[in-house]
Amino acid sequence: MKFETLAIHAGQEPDAATGAVTTPVYQTSTFQQDGIGKPRGYEYSRTGNPTRAALETALAALENGRHGLAFASGVAATTAVLSLLRPGDHVVAGDDVYGGTYRLFERVYRPLGVAFDYPPATDADAIAAALRPETRLVWIETPTNPLLRIADLQRIADATRARGVRLAVDNTFASPFLQRPLELGADIVVHSATKYLGGHSDLIGGAVIVNDDEIHRRIRFYQNAAGAVPGPWDCWLTLRGIKTLAVRMRAHERNARAVAEFLAAHPAVERAHYPGLPGHPQHELARRQMSGFGGMVSFELRGGFAAVERFVARVRLFILAESLGGVESLVCYPPRMTHAALPPSERRRRGIGDNLVRLSVGIEDPEDLLEDLRQALADA
Ligand code: P1T
């Protein structure tokens, strides 16, 4: 079945008991058992819940994987993947990742004895060269947050497979509609379901999708043992979001392309970052690896932080807020918001300047969005 069909039907058959066309919200913490050791399929909602099971089936189908697991947040999903590590292990992570991912690596896992290196995500050779005998995991975001750089997943997967290292890809920015890392050789896919999967800025959620039965068994064990599971209502909202993922992503992309082209040509803008721009350094790779370029755009304003402050004060439609992937357009200032956990020296080393602005382009009318940007940048 094709993506749009799976998004609506995978895991979401009409309810066997009642015929309800929409997956019921099984808002229950526990389930009656027919006798000791005789549950009817579910025991306790941390361990498993039918609404969550429907979501997990849908997540696996969308990423073309065998197993899906849902978590209480994207960070909880990341933590579940890190549960595969032990003290003394080494992780190679791309240099441009969500600030909260960096914080989890550096402030929670490094003190527990896990080592991290951050070669450029765009340089597959540098990633391969950073692998050590004790490297257990390579962690890649692509497109990266917030600079929209693209990592070559196939080349990185070739290197990790040759060395017996697992490759995890945070696919949040692309969404499975535009990119399916398992098909390109990744072992693990992670999402912040808060973003495009949910799609309406009304929930926090995460996902892990894998093919390997043993990795699934270990992460599923951790999901129950550590307990960062989403409630049935949030699972239902995520499922509802997923049904329209394809149509939303097409609209996000149409608008983001128009916004990126507008910004790239504007005299107040020093540089615009969008993989769909022909001048983007990994444009050809993005074209091969993804089926579209997504809804995220970042850009550097002439005039430094003062220009950024002026811009965010003047936009009317773009809402100043963290997060992304919802139907409404958001503007974010990564150095002080999503990437505040990075020390200033690290931010600079990664190319996150004090004049960087990130847009999550929503699905409003594109002319209205361009008009908002036009008036916010006028006389800049
Ligand atoms: O916020 P949470 O659902 O826990 O997801 C964390 C996360 C993981 N991976 C990526 C690529 C992300 O962008 C995020 C969260 N990011 C933001 C809140 C943001 O505005 O970038």
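Residues numbered from 1 in each chain as written. Predicted model: local features only at pLDDT ≥ 70, side-chain atom pairs only at ≥ 80, totals over all residues. Heavy atoms only, no water.

Let's talk about the overall build of the protein chain
Phase 1 of the analysis: A count of helical and extended segments in the protein chain gives 13 helices and 12 strands.
Phase 2 of the analysis: Taken against the 2.2 N^0.38 rule, which gives 21 Å for 380 residues, the C-alpha radius of gyration of the protein chain at 21 Å falls within 12% of a compact globule.
Phase 3 of the analysis: In terms of its C-alpha atoms, the protein chain occupies a principal-axis envelope of roughly 75 × 50 × 35 Å.
Phase 4 of the analysis: Here the protein chain holds 380 residues, and 57% of them are scored as buried.
Phase 5 of the analysis: The contacts in the protein chain between residues at least 6 apart in sequence include a share of 72% that link residues at least 24 apart.
Phase 6 of the analysis: When the accessible surface of the protein chain is summed, it comes to about 15700 Å², and 52% of that surface belongs to carbon and sulfur atoms.
Phase 7 of the analysis: Taking the 42 positively charged and 43 negatively charged side chains of the protein chain as two groups, their mean positions are separated by 3 Å. (Helix = DSSP H or I, 4+ residues; strand = E, 2+ residues; numbered from the N terminus. Rg over C-alpha atoms; globule rule 2.2 N^0.38 Å. Buried < 20%, exposed > 50% of the residue type's maximum accessible area, 1.4 Å probe, protein only. Contact = heavy atoms within 4.5 Å. Areas by Shrake-Rupley, 256 points an atom, 1.4 Å probe, with all protein chains shown as cover. Lys, Arg positive; Asp, Glu negative; His and termini not counted. Charge placed at Lys NZ, Arg CZ, Asp CG, Glu CD.)

Considering the pairing of strand β5 (residues 166-170)
Phase 1 of the analysis: With respect to burial, β5 is a largely interior element, four of its five residues being buried.
Phase 2 of the analysis: Here five bridges tie strand β4 (residues 135-141) to β5, and the two strands are oriented parallel to one another. By the bridge assignment, Leu-137 is partnered in β5 with Arg-166.
Phase 3 of the analysis: In this view, the connection linking β4 to its parallel neighbour β5 by way of helix α6 (residues 153-163) has right-handed handedness.
Phase 4 of the analysis: Direction of pairing for β5 relative to strand β6 (residues 188-192): parallel, over a ladder of three bridges. Looking at β6, one finds that Asp-170 is bridged to Val-190. (Pairing = 2+ DSSP bridges. Right-handed = clockwise from strand over helix to strand, strands pointing away.)

Quick look at the environment of Gln-154
Phase 1 of the analysis: Tracing the backbone shows Gln-154 in helix α6.
Phase 2 of the analysis: The exposure class of Gln-154 is partly exposed, given its relative accessible area of 45%.
Phase 3 of the analysis: Setting aside residues up to four positions removed in sequence, Gln-154 forms contacts with Leu-184 and Gln-289.

Quick notes on the sheet that holds strand β9 (residues 296-301)
Phase 1 of the analysis: What the five strands build is an open sheet, ordered β8-β9-β12-β11-β10; its pairing is mixed. Only two strands of the sheet have a single neighbouring strand rather than two, namely β8 (269-273) and β10 (319-320).
Phase 2 of the analysis: Here strand β11 (residues 330-332) runs beside strand β12 (residues 356-360); their pairing, made up of three bridges, is antiparallel. Its bridge partner being in β12, Cys-332 is matched across the sheet by Arg-358.
Phase 3 of the analysis: Lying on the sheet, helix α9 (residues 245-264) is in contact with β8, β9 and β12; it crosses β9 at an angle near 15°. (Axes fitted to C-alpha atoms, helices over the stretch in contact; angles between N-to-C directions.)

A short note on the site of the ligand
Phase 1 of the analysis: In the region of the ligand, 18 residues are neighbours, and Asp-170, Thr-194, Lys-195, Ser-323 and Arg-358 sit closest.
Phase 2 of the analysis: Measuring from an oxygen atom of the ligand, one finds a side-chain N or O atom of Thr-194 at 2.6 Å.
Phase 3 of the analysis: Within the complex, 93% of the 470 Å² of free accessible area of the ligand lies under protein.
Phase 4 of the analysis: Of the residues assigned to the shell around the ligand, the class counts are four nonpolar, nine polar and five charged.
Phase 5 of the analysis: For the shell around the ligand, the two domains that each supply at least three residues are domain 1 (3-243) and domain 2 (247-377). (Near = heavy atom within 4 Å. Polar contact = N/O pair within 3.5 Å; in protein donor to acceptor, adjacent residues only side chain to side chain. Nonpolar A, V, L, I, M, F, W, Y, C, P; charged D, E, K, R; others polar. Domains from an automatic or database assignment.)

Looking at the pattern of salt bridges
Phase 1 of the analysis: Within this structure, the stated rule accounts for 18 salt bridges.
Phase 2 of the analysis: Across the pair Arg-52 and Glu-56 runs a salt bridge, and its minimum N-O distance is 3.4 Å. Of this pair, Arg-52 and Glu-56 both sit in helix α2 (residues 50-62), four residues apart, which is roughly one turn of the helix.
Phase 3 of the analysis: Residue class for Glu-56 comes out buried when judged on its relative accessible area of 10%.
Phase 4 of the analysis: With a closest N to O distance of 3.8 Å, Asp-158 and Arg-161 form a salt bridge. Of this pair, Asp-158 and Arg-161 both sit in helix α6, three residues apart, which is roughly one turn of the helix.
Phase 5 of the analysis: Taking the relative accessible area as the measure of exposure, Arg-161 reaches 53% and is therefore exposed. (Salt bridge = Lys/Arg side-chain N within 4 Å of Asp/Glu carboxyl O.)

Side note on the domain arrangement of the protein chain
Phase 1 of the analysis: Partitioning the protein chain into structural domains gives domain 1 (3-243) and domain 2 (247-377).
Phase 2 of the analysis: Between the C-alpha centres of domain 1 and domain 2 there is a distance of 25 Å.
Phase 3 of the analysis: Residue-level contacts link 40 residues of domain 1 with 41 residues of domain 2.
Phase 4 of the analysis: Buried area between domain 1 and domain 2, both sides added, is near 3200 Å², and the carbon and sulfur share of it is 58%.
Phase 5 of the analysis: The largest contributions to the domain 1 side of the interface with domain 2 come from Ile-150, Leu-178 and Tyr-196, which together make up 23% of the buried area.
Phase 6 of the analysis: On inspection of domain 1 and its partner domain 2, the count reaches one salt bridge.
Phase 7 of the analysis: In this structure, the salt-bridge partner of Glu-4 is Arg-250, at a minimum N-O distance of 2.3 Å. (Buried area = accessible area lost by both parts, 1.4 Å probe.)

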